[in-house]
Amino acid sequence: MARIHHSRTLAGLFCFFLAWALPAMAQEALRLHVTDGNGDTVTLDYDQLDALPQSEFTTSTIWTDGTVQFSGVPLKALLDAVEVEGAVVEMIALNDYLVTLPYDELEEDVPLVATRMNGEYMSVRDKGPFWVVYPYDRHWRYRTETTYAQSIWQLTRLNVVD
């Protein structure tokens with residue numbers, strides 16, 4: 001009987017911890033951290049990202065069915081707004097997947113740090129909360145293996161390094 005009691009106690013403590021920790025973890029996932037070469041970090045939430053210049057486009061992707069409308073802030077505009085520049089942008093996902101993009105390859109409106117897909121915020125399950133996307137249908141140069149690799153979803157951190 002004591003064994004059952006301890007199991008229930010441990011299960012109860014575990015559930016209490018999850019109820020306490022998951023909202024904090026979920027809130028952290030809804031923020032984008034941008035770090036410069038000096039280690040200074042700016043953290044942006046949806047409201048702050050929405051206050052930056054916005055862009056949108058409709059395109060098909062290799063990960064979705066049909067065409068999808070993406071909206072959010074162009075990566076270059078985001079980095080300009082937080083006054084960060086360098087030679088390379090490291091983009092890091094929630095699962096620590098990391099991909100790099102040369103800073104000088106950023107266009108004014110491409111790529112887009114999408115905050116919404118078809119007008120809705122994206123859950124982690126749906127490649128959110130932030131997804132770096134390109135207008136793949138606009139030009140063949142956006143349909144390359146390199147571009148697909150740079151289309152990082154579940155984006156959580158940007159590090160700009162020299």
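Note that the coordinates shown come from a computational prediction; the quantities given were computed from them, not determined experimentally. (Residues numbered from 1 in each chain as written. Predicted model: local features only at pLDDT ≥ 70, side-chain atom pairs only at ≥ 80, totals over all residues. Heavy atoms only, no water.)

### Considering the pairing of strand β1 (residues 32-35)
- Alternating positions in β1 separate into two faces, L32 and V34 on one and H33 and T35 on the other, with burial throughout.
- Here 4 bridges tie β1 to strand β2 (residues 41-44), and the two strands are oriented antiparallel to one another. Residue pairing for β2: V34 is matched across the bridge by V42.
- Between β1 and β2, which pair antiparallel in sequence order, lie 5 residues; one of them, G39, sits at a positive phi of approximately 90°.
- One ladder, built from 3 bridges, connects β1 with strand β10 (residues 155-161); its direction is parallel. Pairing of V34 across the sheet is with L158, part of β10. (Buried < 20%, exposed > 50% of the residue type's maximum accessible area, 1.4 Å probe, protein only. Helix = DSSP H or I, 4+ residues; strand = E, 2+ residues; numbered from the N terminus. Pairing = 2+ DSSP bridges.)

### Looking at the side chain of T115
- Among the secondary structure elements, T115 is positioned in strand β7 (residues 112-117).
- Looking at T115, its side chain comes within polar contact range of the side chain of R116, at 3.1 Å.
- If we skip the residues at most four places from it in the chain, T115 touches Y46, L49, D50, S71, G72, E120, Y121, M122, P129 and F130. (Polar contact = N/O pair within 3.5 Å; in protein donor to acceptor, adjacent residues only side chain to side chain. Contact = heavy atoms within 4.5 Å.)

### Description of the sheet that holds β1
- The mixed open sheet is built from 5 strands, whose spatial order is β2-β1-β10-β5-β6. At either margin of the open sheet sits one strand with a lone partner, and together these are β2 and β6 (98-102). Pairwise comparison of adjacent strand axes, ignoring direction, gives a mean angle of 20° for this sheet. (Axes fitted to C-alpha atoms, helices over the stretch in contact; angles between N-to-C directions.)

### With respect to the pairing of strand β4 (residues 67-74)
- For β4, a buried count of 6 out of 8 residues is recorded, marking the element as mostly surrounded by other parts of the structure.
- As paired elements, strand β3 (residues 55-60) and β4 share 6 bridges and run antiparallel to each other. Bridge pairing in β4 links F57 to F70.
- Remark: 6 residues form the turn of the hairpin made by β3 and β4, two consecutive strands paired antiparallel; G66 in that turn has positive phi of roughly 65°.
- Summarising the sheet, β4 and β7 pair through 5 bridges and their orientation is antiparallel. Across the sheet, S71 pairs through a bridge with R116, a residue of β7.

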